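So the chains spell out like this:
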Amino acid sequence: MTISLQNTIINSILATLANITVAKGYQTNIDTIMRGIRDLQDMQGKMPGIALWKERNNRVDDYQTGSQSILVLHVWGFVKVDARNNDYDALDKFAADVEAVLTNATYNSYRNDTFIRDTVFFEGGADNNHGIFDMVVDVRYFYDMGDI
């Protein structure tokens, strides 16, 4: 069974994100990576963790035999923080690591077509021991009609 080009790209991005380890020069040792929309229950005992999900596919240009599209992905990062002491360094470092690995040509085979558009943070409060970020990532690609 063949998989779609979009799933090929997503699987590559998941493999890219798996390179976030201190041993490879990053500030974070990632514990888990999941595909799909996940929440804190999914991440309990598995932080720092990532949930990667596909929001949409934007068609940019149509050609007679194919199309250029933008695959819009969300990288949700979940990490423990010390909100009572206003310490969100782990959250900031984790987001920085995700950005760094996505822009690293050694790890991301789609590096030249990957664009980080926006990152939104949830820092939590005194009753929360976690922080979350949502990084919106565009991956541009070409495909033949009927092969999305």
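Residues numbered from 1 in each chain as written. Predicted model: local features only at pLDDT ≥ 70, side-chain atom pairs only at ≥ 80, totals over all residues. Heavy atoms only, no water.

Caption draft 1: Quick peek at helix H1 (residues 5-17). Taking 1.5 Å of rise per residue, the 13 residues of H1 would be expected to cover 18 Å, and the 19 Å separating its terminal C-alpha atoms lies within 8% of that figure. Buried within H1 are the following residues: Gln-6, Ile-9, Ile-10, Ser-12, Ile-13, Leu-14, Thr-16 and Leu-17. (Helix = DSSP H or I, 4+ residues; strand = E, 2+ residues; numbered from the N terminus. Expected span 1.5 Å × (residues − 1). Buried < 20%, exposed > 50% of the residue type's maximum accessible area, 1.4 Å probe, protein only.)

Caption draft 2: Structural detail: the packing of aromatic side chains. Applying the stated criterion to the full structure yields 4 aromatic pairs. Considering the side-chain rings of Trp-53 and Trp-76, the 5.5 Å spacing of their centres and the 75° angle between planes classify their relative orientation as edge-to-face. Of the two residues, Trp-53 sits in strand E2 (residues 49-62) while Trp-76 sits in strand E3 (residues 66-80), which places them 23 residues apart along the sequence. On the basis of relative accessibility, which here comes to 19%, the residue Trp-76 falls in the buried class. Aromatic ring contacts, followed pair by pair, group Phe-94, Phe-121 and Phe-133 into a single cluster. When the ring centre of Phe-115 is taken as reference, the NZ or CZ atom of Arg-140 above it lies at 4.9 Å. (Phe/Tyr/Trp six-rings, centres within 6.5 Å; stacked < 30°, edge-to-face > 60°. Lys NZ or Arg CZ within 6 Å of the ring centre and 35° of its normal.)

Caption draft 3: Examining the pattern of salt bridges more closely. Per the stated rule, a full pass over the model turns up 2 salt bridges. Arg-56 is paired through a salt bridge with Glu-55; the nearest N and O atoms lie 1.7 Å apart. On the basis of relative accessible area, Arg-56 is assigned to the partly exposed category, the value being 34%. On the basis of relative accessible area, Glu-55 is assigned to the partly exposed category, the value being 33%. We note a salt bridge from Arg-117 to Asp-138, for which the minimum N-O separation is 3.0 Å. Here the residue Arg-117 occupies a position in strand E4 (residues 114-122), and Asp-138 occupies one in strand E5 (residues 130-144), the gap between them amounting to 21 residues. For Arg-117, a relative accessible area of 47% translates into the label partly exposed. (Salt bridge = Lys/Arg side-chain N within 4 Å of Asp/Glu carboxyl O.)

Caption draft 4: Geometry of unusual backbone geometry. Between Met-47 and Pro-48 the backbone carries a cis peptide bond, its omega angle lying at 0°. Within the secondary structure layout, Pro-48 lies in the loop between helix H2 (40-43) and E2.

Caption draft 5: How the structure looks around the nonpolar core. By size, the foremost hydrophobic cluster in this structure holds 30 residues, and its most contacted members are Leu-17, Val-75 and Val-98. Among the elements of the structure, H1, E2, E3, helix H3 (89-102) and E5 are those that each provide at least two residues to this core. Val-98 has contacts with Leu-17, Ile-20, Ile-50, Val-75, Phe-133 and Met-135, leaving out every residue within four places of it along the chain. Formed by 8 residues, the second largest nonpolar core is a distinct cluster that contains Met-43, Ala-51, Trp-53 and Ile-132. (Core = buried A, V, L, I, M, F, W, Y, C linked by side-chain atoms within 4.5 Å. Contact = heavy atoms within 4.5 Å.)

Caption draft 6: Representation of the confidence of the model for the protein chain within the structure. Across the protein chain, pLDDT averages 90, with 91% of residues at or above 70. Here E2 is the element of the protein chain with the lowest mean pLDDT, 87, and H3 is the one with the highest, 97. (pLDDT = per-residue confidence, 0-100.)

Caption draft 7: Molecular detail of the environment of Thr-32. Mapped onto the fold, Thr-32 is located in strand E1 (residues 32-35). In this structure, the C-alpha to C-alpha distance between Thr-32 and Met-43, residues 11 residues apart in sequence, is 8.0 Å. Other than its neighbours up to four places away in sequence, Thr-32 contacts Met-43, Lys-46, Pro-48, Gly-49 and Ile-50.

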